[in-house]
Amino acid sequence: MSHDEFPTDQPAVVTCGLPYANGDLHVGHLRTYVGGDSFARTLETLGQETAYVSGSDMHGTPVAVNAEQQGVDPEDFALEWHEQYAETFPKFNVEFDNYGHTHDETNTELTQEIVKTLEDEGHIYEKEIQVAYDPVADDHLPDRYVEGTCPYCGEKARGDECDEGCQRHLEPGEVEDPKSTITGNPAEYRERTHKFFRVSEFSEYLTEFLDGLEGTSNAQNQPRQWIEEGLQDWCLTRDMDWGIDYPGEEEEDIVLYVWVDAPVEYVSSTKQYSERVGSDEYDWERVWKDEGEIVHVIGRDIIQHHTIFWPAMLEGANYNAPRAVAATGFITINGKGLSTSRNRAIWAKEYLEEGFHPDLLRYYLMTTGGLQQDVDFSWDAFQEKVNGELVGTVGNFWYRSLLFAYRNYDGTPDVGVSPDVEDRIEGAIGEVREAVNDYSIRGIGQAATRLAQFGNEYIQRHEPWKLTDEEPEKAAQVIRDCVQIAKAVGVLIAPITPDKAQALWEQLGEDGAVENARIEDALEAPPRRFAEPGELFEKIEDERVDELNEKLADRVAAAGDDGDDEEDAAEGSETAGDTDDDSDSDDNDPAGDLEPLLEDRIGFGEFQDLDIRVGRIEVAEGIEGADDLARLEVDIGFESRQVVAGIKQLHDLEELPGEKIILLANMEPAELFGVESNGMILAAGDEADLLTTHGDADIGEKVQ
RNA sequence: AGCGGGAUGGGAUAGCCAGGAGAUUCCGGCGGGCUCAUAACCCGCAGACCGGUAGUUCAAAUCUACCUCCCGCUACCA
């Protein structure tokens, strides 16, 4: 099936993957939510009736586990995060029509109703399965409460997913040698009755569904693969008490799996919106059950749920199928993966505290790289984008046009717009339409920026400042055209930089809000008179960028220290030697890569705390599943130590046995890839040049 | 190792899914112009064997196969 182009006559709903109520928001989240927001806003300017909804994901084992660890109620724990999210999004002009959460009444009821329907339609069956159970703590252990060995590949695996090995989704009872992640107790399997959803019966439907699915290509290719490999039925229930009760079994100690009620929140949130504004204004049932355009914007890690499980649920419960799934790529920071634990991230809160306008980040995130592309964030690139495009192109054009118009005509000159300028604006509108139908937010921004660029060219080519005296009519015409272009740029860019567009709107003397404007308004004349304009964008100075880079580097370095220092040390100097402002000078530059000497001196006593020994490698073998790690057995005289070192790629492991090496022996034990490490091999540099002795020091001798 | 993404002028990117004149845009470099405007803006120039190999084709950056190299994920982190 194919879809009509946006805008259509049907109401649309744009949803964003639910943020998990478990931690602070950062620039990676924002990319998805701003993306959905911009897309929804653009649909509205095109005249499409649109609701933009999302909500917090409150359930699931991580919330339960974290709450438990902090000794608080999971509901309170999750609600706290929920409230923070609800406050943060508007600060980035991410304006949901409704933002709910999965634990509220609407969602509880609707989820149960949908499950009930699935049951009535015969899509659910009961099955006795083996569930991990901690006999000491007298607790059932769903999902991540249990870990063990993957039955498929033999790697260490979590209860619900073979995360380190073959990546397979594991059904309850599959993981072997289970033990509790909470108590560490070995778990036993007990027979329990659980509910299963016949996803396997939807293979054909889903194949067809995928054929008509729009959005980003990554959301279409991967699921096809999964279907070909054969779909498994999903276990819908879990033995725990944090979650939504299975309908009709409230008294049982069983709740619905978090991925059942999470996507239902899309519907619930729409429903709440509908109930607030009235169904005349927006009818959630029409959208979800009849003929709406459903667009899911998600992070690419949850493609499976949105292209397999969720559409099957919708179909099974007689709901409408999604029109599109747009999966965003990930964000890297200065070329490296965003890592919340290492604090290598740009936090939402932090960005605002730095005093930058949210629209700047929105513009950066939306116009740097395509939606499904991984995008790098760096303050340098941010500066370049802002100074070059927003200040130089858009802001400058707005300001020079309006200022000229204000000074010479007190506003918009009283003539019509030239036909070719009108054509150019229409062309830009066409680009926006095309971009929307391609799910290309960047295309929307580019259409606007390019139009501003055209405006700059236009004004320069016609040099109205030369014409005011000699050919006043011509001058008026040029300025009239420029004012129109300026307004059009404002209308087109409003979905991406709503505040800034609104400011322009007001400078033009327009009433109301630019977000209520239609795209055709780009061609409507602004009011005859307007006041003196001001500059809407400010340059970011180099010093500011240096400062921000330093802050980030310091933070990452600080977090890196107590993280996985063993691995870092073994790998060489992966940490931060930064502060270089251009940060791009990585490759083949050994001399420039040396870490700076530490300023702090230590005493002899502190040195003596390090028990460094001469050892001999007895066994060296790669650790399966790890790129760099090798397991070594090292003889240090008294005993043989098992050590994990990041040298798999850097040395020929077969030649290592027999080598004399230097070992930091009183390193606290660590577990890497499931292998315990009891010491640290000393090595120099990125290539892990192993240290040894030159004389005949005995094995086990202390280095001092 | 598995999975995902990528390899295009100095840097960053588009095009590639619907193959056709040696290819986009931005930053930077060089030269020039202009001054209404935020040391801006405009014009022009230099510069690329489109990662490698083989294949399909009249024709490939664009399709197929294999390979190399980068990057991310594999702590619910979008």
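See the structure above.
What counts and how
- Residues numbered from 1 in each chain as written.
- Chains lettered and ligands numbered in written order.
- Predicted model: local features only at pLDDT ≥ 70, side-chain atom pairs only at ≥ 80, totals over all residues.
- Heavy atoms only, no water.
- Helix = DSSP H or I, 4+ residues; strand = E, 2+ residues; numbered from the N terminus.
- Buried < 20%, exposed > 50% of the residue type's maximum accessible area, 1.4 Å probe, protein only.
- Contact = heavy atoms within 4.5 Å.
- Areas by Shrake-Rupley, 256 points an atom, 1.4 Å probe, with all protein chains shown as cover.
- Salt bridge = Lys/Arg side-chain N within 4 Å of Asp/Glu carboxyl O.
- Core = buried A, V, L, I, M, F, W, Y, C linked by side-chain atoms within 4.5 Å.
- Polar contact = N/O pair within 3.5 Å; in protein donor to acceptor, adjacent residues only side chain to side chain.
- Pairing = 2+ DSSP bridges.
- Phe/Tyr/Trp six-rings, centres within 6.5 Å; stacked < 30°, edge-to-face > 60°.
- Axes fitted to C-alpha atoms, helices over the stretch in contact; angles between N-to-C directions.
- Bend = angle between axes of the 7 residues up to and from the residue.
- Patch = residues over 30% accessible without salt bridge, like charges linked within 9 Å, V, L, I, M, F, W, Y side chains within 5 Å.
- Lys, Arg positive; Asp, Glu negative; His and termini not counted.
- Charge placed at Lys NZ, Arg CZ, Asp CG, Glu CD.
- Expected span 1.5 Å × (residues − 1).
- Parallel < 35°, antiparallel > 145°, perpendicular 65-115°, else oblique.
- Left-handed = near helix turned anticlockwise from the far one by under 90°.
- Nonpolar A, V, L, I, M, F, W, Y, C, P; charged D, E, K, R; others polar.
- Right-handed = clockwise from strand over helix to strand, strands pointing away.

Caption draft 1: Looking closely at the overall build of chain A. Within chain A, the regular secondary structure consists of 20 helices and 27 strands. Counting all 704 residues of chain A, 52% fall into the buried class. Relative to all contacts within chain A whose residues are 6 or more apart in sequence, the contacts with residues 24 or more apart total 74%. For chain A, the accessible area works out to roughly 31,500 Å², and carbon and sulfur atoms hold 41% of it.

Caption draft 2: The arrangement of the pattern of salt bridges in detail. Using the criterion set out here, one finds 20 salt bridges in the structure. Put simply, Lys195 and Glu126 hold a salt bridge, and the shortest N to O gap is 2.5 Å. Residue Lys195 is located in strand E9 (residues 188–197), and its partner Glu126 is located in strand E4 (residues 124–134); the two are separated by 69 residues in the primary sequence. On the basis of relative accessible area, Lys195 is assigned to the buried category, the value being 8%. We classify Glu126 as partly exposed; its relative accessible area is 49%. The closest approach of N and O atoms between Glu354 and Arg544, which form a salt bridge, is 2.6 Å. Of the two residues, Glu354 is situated in the loop between helix H10 (348–353) and helix H11 (358–367) and Arg544 in helix H18 (residues 542–561); the sequence distance between them amounts to 190 residues. Residues joined in a network through salt bridges with shared partners are Asp37, Arg41, Arg362 and Glu515.

Caption draft 3: Just the nonpolar core, in detail. By size, the foremost hydrophobic cluster in this structure holds 120 residues, and its most contacted members are Phe39, Leu361, Phe377, Trp379, Phe382, Trp398 and Leu451. When residues no more than four places from it in sequence are discounted, the contact partners of Leu451 are Arg424, Ile425, Ala428, Ile485, Ala488, Val489 and Leu492. With 53 residues, the next largest nonpolar core counts Val53, Leu118, Phe209 and Ile244 among its residues.

Caption draft 4: Layout of the side chain of Thr368. Tracing the chain through its elements places Thr368 in the loop between H11 and strand E18 (375–377). Only 2.6 Å separates the side chain of Thr368 from the backbone oxygen of Tyr364, close enough to count as a polar contact. The residues contacting Thr368, other than those within four sequence positions of it, are Val375 and Lys385.

Caption draft 5: Quick peek at the environment of Val53. Along the chain, Val53 falls in strand E2 (residues 50–56). Residue classification places Val53 among the buried residues on the basis of a relative accessible area of 0%. For the pair Val53 and Lys271, spaced 218 residues apart in the sequence, the C-alpha separation amounts to 9.7 Å. Non-local contacts of Val53, meaning those with residues more than four positions away in its chain, are made with Val13, Val14, Thr15, Cys16, Phe96, Asn98, Tyr266, Ser269 and Thr270.

Caption draft 6: Molecular detail of the sheet that holds strand E1 (residues 12–16). Across the sheet, 6 strands lie side by side as E3-E2-E1-E14-E15-E10; this open sheet has parallel pairing. One side of each edge strand has no neighbouring strand; the edge strands of this open sheet are strand E3 (98–101) and strand E10 (214–215). Bridge count between E1 and E2: 4 bridges; the pairing is parallel. Along E2, the bridge assignment pairs Val14 with Tyr52.

Caption draft 7: Representation of the packing of aromatic side chains. Counting across every chain of the model gives 32 aromatic pairs. Consider the rings of Trp379 and Phe382, whose centres lie 5.5 Å apart with planes at 90°: the pair is edge-to-face. A residue pair is termed a helical-turn pair when its members lie 3 or 4 positions apart in one helix, as Trp379 and Phe382 do in helix H12 (residues 379–409) at 3 residues. Like Phe382, Trp379 is buried.

Caption draft 8: Expanded view of the sheet that holds E18. Overall, mixed pairing links the 3 strands, which are arranged E17-E16-E18 in an open sheet. Every other strand in the sheet has two partners, leaving strand E17 (336–337) and E18 as the edge strands with one partner each. Relative to strand E16 (residues 331–333), helix H1 (residues 27–45) is tilted by about 145°, and along the sheet it contacts E16 and E18.

Caption draft 9: Looking closely at unusual backbone geometry. Between Phe6 and Pro7 the backbone carries a cis peptide bond, its omega angle lying at -5°. Its location among the elements puts Pro7 in the segment before E1. At Asn93, a position not held by glycine, the phi torsion is positive, near 60°. In this structure, Asn93 sits in the loop between helix H3 (74–91) and E3. A residue is classified by how much of its surface remains accessible, and Asn93, at 7% relative accessible area, is buried. For Asn318, which is not glycine, the phi dihedral falls at a positive 65°. Within the element layout of this structure, Asn318 appears in the loop between helix H9 (303–316) and strand E15 (324–328).

Caption draft 10: Local environment of H12. Of all the bends in H12, the greatest measures close to 40° and is centred on Gly395. Just downstream of H12, Asp410 is the residue with a positive phi angle, here 60°.

Caption draft 11: Inspection of a negative patch on the surface at higher detail. A surface patch of negative charge is lined by Glu535, Glu538, Glu541, Asp542, Glu543, Asp546, Glu550 and Asp554. Of note, Glu541 is situated in the loop between helix H17 (498–507) and H18. Taking the relative accessible area as the measure of exposure, Glu541 reaches 46% and is therefore partly exposed.

Caption draft 12: Main features of helix H7 (residues 258–277). Along its 20 residues, H7 runs 29 Å from first to last C-alpha, staying within 8% of the 28 Å computed at 1.5 Å per residue. Along H7, the helix axis deviates most sharply at Glu265, where the bend reaches about 35°. Gly278, located one to two residues past H7, shows a positive phi value of around 95°.

Caption draft 13: Spatial organisation of the packing of H12 against helix H14 (residues 441–462). The N-to-C vectors of H12 and H14 enclose an angle of 50°; their axes lie 9 Å apart at closest approach. Classed by the angle they form, the pair H12 and H14 counts as oblique. Read as a crossing pair, H12 and H14 show a hand that is left-handed. Of the residues in H14, those touching H12 at Glu389, Gly392, Thr393, Val394, Asn396, Phe397, Arg400 and Ser401 are Thr449, Ala452, Gln453, Gly455, Asn456, Ile459 and Gln460. Residues of the contact of H12 with H14, tallied by class, amount to 4 nonpolar, 9 polar and 2 charged.

Caption draft 14: Geometry of the packing of H14 against helix H16 (residues 472–493). Remark: H14 packs on H16, axes separated minimally by 9 Å, with the N-to-C direction vectors making an angle of 165°. One element, H14, and the other, H16, form an angle in the roughly antiparallel class. H14 and H16 meet at a crossing whose hand is left-handed. Contact with H14, carried on its side by Ile444, Ala448, Leu451, Ala452, Phe454, Gly455, Tyr458, Ile459 and His462, involves Val478, Asp481, Cys482, Ile485, Ala488, Val489, Leu492 and Ile493 of H16 and no other residues of that element. A class-by-class count of the residues in the contact of H14 with H16 yields 14 nonpolar, 2 polar and 1 charged.

Caption draft 15: Quick peek at the pairing of E15. The element E15 is largely enclosed, with a buried count of 5 among its 5 residues. Pairing of E10 with E15, which is carried by 2 bridges, proceeds in the parallel orientation. Looking at E15, one finds that Glu214 is bridged to Ala324. Relative to E15, strand E14 (residues 293–299) runs parallel, the two being bridged by 5 bridges. Bridge pairing in E15 links Val297 to Ala326. Considered for its hand, the β-α-β crossover made up of E14, H9 and E15 is right-handed.

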